[in-house]
Amino acid sequence: MSDSRETVVIIGAGIVGVSTAYFTMKKLITKYPDAATRPRVILLEQCEPGCSASGKSGGFLARHWSDGTDTEQLAQFSYDLHAKLAAEHDGAARWGFRPLDTFSAEIDRISVAPAKQRKKTHQRTESESVVTSIEVIAPQTSRSSATAMEEYSSFPPTPATQEDDTQTSTHASISVPDVQTVKIVAPETVPWLKTDVVTNLRQVGGTTNTAQVDPLKLTRELLAEAKARGLEVIRAKVIDVAETGYRPPVIELSIDSRGNQAPDLLTVETCKTTSQTMMELDEASSHTGITSTRKPYVVLLDQDGMDIPADKIVVACGAWATSCLRWEAFREVSASQIPIQGLRVHYLVIKPKVEIAAQAVFAEINGTVYSGEDAIEIYPRPDGSVFVCGEALDDPEMPPHNPFEPVYSKRATSRLKQIVNDVSPALSFDAIQYGLACHLPVHAKGIPVISKVPTSKGLYIAAGHGCWGILNGPATGMAVSELLIDGECSSLNLENFRLDRWY
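Structural notes, computed from the coordinates. Bear in mind the structure is a predicted one, so any value in this text is a computation, not a measurement. (Residues numbered from 1 in each chain as written. Predicted model: local features only at pLDDT ≥ 70, side-chain atom pairs only at ≥ 80, totals over all residues. Heavy atoms only, no water.)

Things to note about the sheet that holds strand β3 (residues 60-62)
Strand pairing in a sheet relies on backbone hydrogen bonds, with the paired strands running either antiparallel or parallel. Spelled out, the test is: In this analysis, strands are considered paired if DSSP registers two or more bridges between them. For helices the rule is a DSSP run of H or I covering at least 4 residues; for strands it is a run of E covering at least 2, with both sets numbered from the N terminus onward.
If you walk across this open sheet you meet the three strands as β3-β11-β4, and the pairing is antiparallel. Two strands in the sheet have a free side with no partner beyond their single neighbour: β3 and β4 (98-99). Bridge count for β3 against strand β11 (residues 210-212) is three bridges, and the pairing is antiparallel. Counted as the bridge partner of F60 is Q212 from β11.

Have a look at this one:
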């Protein structure tokens, strides 16, 4: 017997998809106390929860580092939401939530031996494609809200936005505040760096406005909370999303007895889709006394017999979001509306022998022989490990189909290892456990998409958050849950993130 309850399918179990599932389940339990009538929510993931950027990033949170941009309201709201989630679910113990001090460092180090010179070709080498992971931005007038949110449903003031044609960022790099306006401190303030190579050290954040989480633990603990509230999780790959009743037109050419095309017999026919076939089967089954409710979509999976009829579908699969362009139901979405690519970023996980204080460092390192300058981010974690990232290589290709496939560059990870060994005695070669890479889902405009597909019955896209995915994931999930259940978002103004904003 078919399930007549409304069915919501969320594709992708990264921080955005899991946050959407979590807040959707919370709202549904309140709205539908009776579990028998409560809509179904199904989360689809082809690998493991948090298997890509959501489990392989620094987990840095900053309340004001997006001030003056189109994501200001989203960032501030989500920063406060992180604190509320941590208070509600013991985030300090479960996913390493803690406030921390943040510093911007300028470091001069001894140059390392150069790698073999590559032959110059018409294509850029990896070293020529380096995109630094931090940028120093010019002073901006802050339009931030001075008051932290009091309730989940509060509606912060909508910041004035820039004109659409002025938003030209192509990479969502973490940008530290204007370094001229922050506090200069002595190099000894961060004792685990080599103080003799630190030429400039400024504190750019404190425990009231910067914090951190372990992103993999956060993603999986929120998933556990959602499952405890009734979320269904299926490990499968989406092959297509069909729209019930849609028949794409095809041209049928009639041939006469002599083998020539007969122009007067040219007709346009339609072919059956999988969803159409399923609809006809439903009609046939109705004669047996089984009631079947037709749903507008059918999610086709790579496992036989596992296709899911659905009322609403959310695409939240990060750097793989453009996969939906191949799906039938998303035929009205163009590539120009979701110009999201995977920016390959390398990272190290280090286990130092000494304890390192809760001090995040954004370091600009001069004196390298590769490109003259490097930028890395260093995040000590409560469990004693240290996460280091940098070496963002601009990859124009799609990420691999399987996020578990090795995509890292040995040259890039070796370079990162050399850098951290040169700037900190605690982060020496023997303390490094491993180095890998992930793909950040970067929107060409530097702004995520959080939107319903216009004219659709129930299709939504939430992706393209770049390096701020962990920060903005919870607020995005809450916003999408309100779109799914209430039909509109009351917590945030999503005008900046609509699908048809640019094209």
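Section: the side chain of Q337
Here is the rule: Should any heavy atoms of two residues lie within 4.5 Å, those residues are counted as being in contact.
The topology assignment puts Q337 in the loop between β18 (312-315) and β19 (340-350). Excluding residues that lie within four positions of it along the chain, Q337 makes contacts with E332, H443, V449, L499, D500 and Y503.

Some thoughts on the nonpolar core
Put simply, the rule reads: Note on terminology: a nonpolar core comprises buried Ala, Val, Leu, Ile, Met, Phe, Trp, Tyr and Cys residues joined through side-chain atoms within 4.5 Å. Relative accessibility under 20% of the residue-type maximum defines a buried residue, over 50% an exposed one, and the middle range a partly exposed one, all with a 1.4 Å probe and only protein chains included.
Core analysis: the largest hydrophobic core is formed by 71 residues, its most contacted members being F60, L61, L231, L492 and L494. Top element by residues in this core is helix α7 (residues 469-486). It accounts for nine residues. Not counting chain neighbours up to four residues away, the residues in contact with L61 comprise Y79, H82, F97, N209, T210, A211, Q212, V213, I470 and L471.

Description of a nonpolar patch on the surface
So the rule is basically this: The patches reported here contain residues having more than 30% relative accessible area and no salt bridge. Joining distances are 9 Å for like charges and 5 Å for nonpolar side chains (Val, Leu, Ile, Met, Phe, Trp, Tyr). Accessible surface is estimated by sampling points in the Shrake-Rupley manner with a 1.4 Å probe; for residues, cover comes only from the protein chains shown. We define a salt bridge as a side-chain nitrogen of Lys or Arg found within 4 Å of a carboxyl oxygen belonging to Asp or Glu.
Taken together, the side chains of Y408, Y434 and L436 define a hydrophobic patch exposed on the protein surface, amounting to about 250 Å² of accessible area. Positionally, L436 belongs in strand β23 (residues 432-443).

Focus on helix α2 (residues 72-89)
For the record, the criterion: A helix is expected to span 1.5 Å multiplied by its residue count minus one.
Helix length check: α2, at 18 residues, gives a terminal C-alpha distance of 26 Å against a target of 26 Å (1.5 Å per residue), a fit within 8%. For α2, the buried fraction is high: 14 of the 18 residues fall into the buried class. Immediately downstream of α2, the backbone of D90 shows phi near 55°, a positive value.

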